[in-house]
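# Residue-level structure breakdown
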Amino acid sequence: MNKRVITGAHYGTRDWLAQRITAVIMVVYTVIVFVCVLGGKPMGYAVWRDLFAQGWMRVATLLFVASLAWHAWVGVRDILMDYIKPDGLRLALQVLTILLLGAYVAWTIQVLWR
Amino acid sequence: MSSATARKPRPKYLSLPAILFQIRLPLPAWVSILHRVSGALLVFPFVAWLLYLLDASLASQAGFDHIRHYLGLPLAKLGLLLFAWAYCHHLCAGIRFLLLDLNKGIELGAARRSSLIVLIVSLALTAWIGVMIW
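### A look at the environment of B:Ala59
Mapped onto the secondary structure, B:Ala59 falls in helix α3 (residues 27-59). In this view, B:Ala59 contacts A:Tyr45 and A:Arg114; residues no more than four positions away in its chain are not counted.

Shown next, in the form of structure tokens:
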């Protein structure tokens, strides 16, 4: 166990744990959607619209996309730290990633509560 | 450590062709790198594409019909199939990594077997989804 104390550093444990918790949330949502789509009535516009008109489905979908954004942030940051060596380029790509993931969450809210 | 090993230049950096063609990656390594590749593909472009599909298909009856027609095009089906593989592989490999985190199946034999299972199950699920699409 690393006992060094440096203010503000978490040694990645929080991100590591967050990535795993969000992964489990996304697995649960995947199973729910699979059951709803395959186990329900034949898919048409009315069935599709009614599925996403329900409050719990909207909340679950938003939770899924929020989990995805957090999960993907940890993953993409790991990839960028491994492969992109120039600091400026890596920072720029990290900022772009945050903007992209933020846009995904905002777009989801817009689509669900229109 | 023998002196011969100590004199070798370290660290040794590998080119991409060397990784692809000279070194035989063990199966768990394939699962690991494909987990990265599929994850990156899901972040972009697949999440953006799926949000577009969700947006248009929920907007109106006309939008839903348009998306249904659009997803019938061969190129869109190919895109759906690639998405299905990326999602299934990332999901299956992710479940394996969660189990490894819980110290389940960390012996060499078990880890190799589970990585083979991940590769096969994700390809089988992709094939099943492909059959449903076509």
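### Regarding helix α4 (residues 87-112) of chain A
Each α-helix turn comprises 3.6 residues. Residues three or four places apart therefore point the same way. Along its 26 residues, α4(A) runs 38 Å from first to last C-alpha, staying within 8% of the 38 Å computed at 1.5 Å per residue. Buried within α4(A) are the following residues: A:Gln94, A:Thr97, A:Leu101, A:Tyr104, A:Thr108, A:Val111 and A:Leu112.

### Some remarks on the side chain of B:Ser115
Mapped onto the elements of the fold, B:Ser115 is located in helix α6 (residues 108-133). For B:Ser115, the residues in contact, after removing those within four places along its chain, are B:Leu27, B:Pro28, B:Val31 and B:Arg96.

### Looking at the interface of chain B and chain A
Often, the extent of an interface is quoted as the loss of accessible area upon association of its parts. At the junction of the two partners, chain B supplies 25 residues and chain A supplies 30 residues. Carbon and sulfur atoms make up 71% of the area that chain B and chain A hide from each other, which totals about 2400 Å². Connecting chain B to chain A are three salt bridges. When the shortest N-O distance is used, the salt bridge between A:Arg114 and B:Asp55 registers 2.7 Å. Counting across the chain B and chain A interface gives 10 residue pairs in polar contact (both at pLDDT 80 or more). Elements supplying a minimum of two residues to the side of chain B that touches chain A: α3, α4 (61-70), α5 (74-101) and α6 of chain B. Residue contributions to the side of chain B that touches chain A peak at 14 residues, all from α3(B).

### Re the packing of aromatic side chains
The relation between two aromatic rings is expressed through the spacing of the ring centres and the mutual angle of the planes. Residue and element names in this part refer to chain B. Applying the stated criterion across every chain yields a total of eight aromatic pairs over all chains. Ring centres of Tyr52 and Tyr70 lie 6.4 Å apart, and the angle between their planes is 85°; this geometry places the pair in the edge-to-face category. Note that Tyr52 is positioned in helix α3 and Tyr70 in helix α4, a separation of 18 residues in sequence. Among the residues examined, Tyr70 registers a relative accessible area of 25% and is labelled partly exposed. Aromatic ring contacts, followed pair by pair, group Phe46, Trp49, Phe83 and Tyr87 into a single cluster.

Rules used in this analysis
Residues numbered from 1 in each chain as written. Chains lettered and ligands numbered in written order. Predicted model: local features only at pLDDT ≥ 70, side-chain atom pairs only at ≥ 80, totals over all residues. Heavy atoms only, no water. Helix = DSSP H or I, 4+ residues; strand = E, 2+ residues; numbered from the N terminus. Contact = heavy atoms within 4.5 Å. Expected span 1.5 Å × (residues − 1). Buried < 20%, exposed > 50% of the residue type's maximum accessible area, 1.4 Å probe, protein only. Buried area = accessible area lost by both parts, 1.4 Å probe. Salt bridge = Lys/Arg side-chain N within 4 Å of Asp/Glu carboxyl O. Polar contact = N/O pair within 3.5 Å; in protein donor to acceptor, adjacent residues only side chain to side chain. Phe/Tyr/Trp six-rings, centres within 6.5 Å; stacked < 30°, edge-to-face > 60°.

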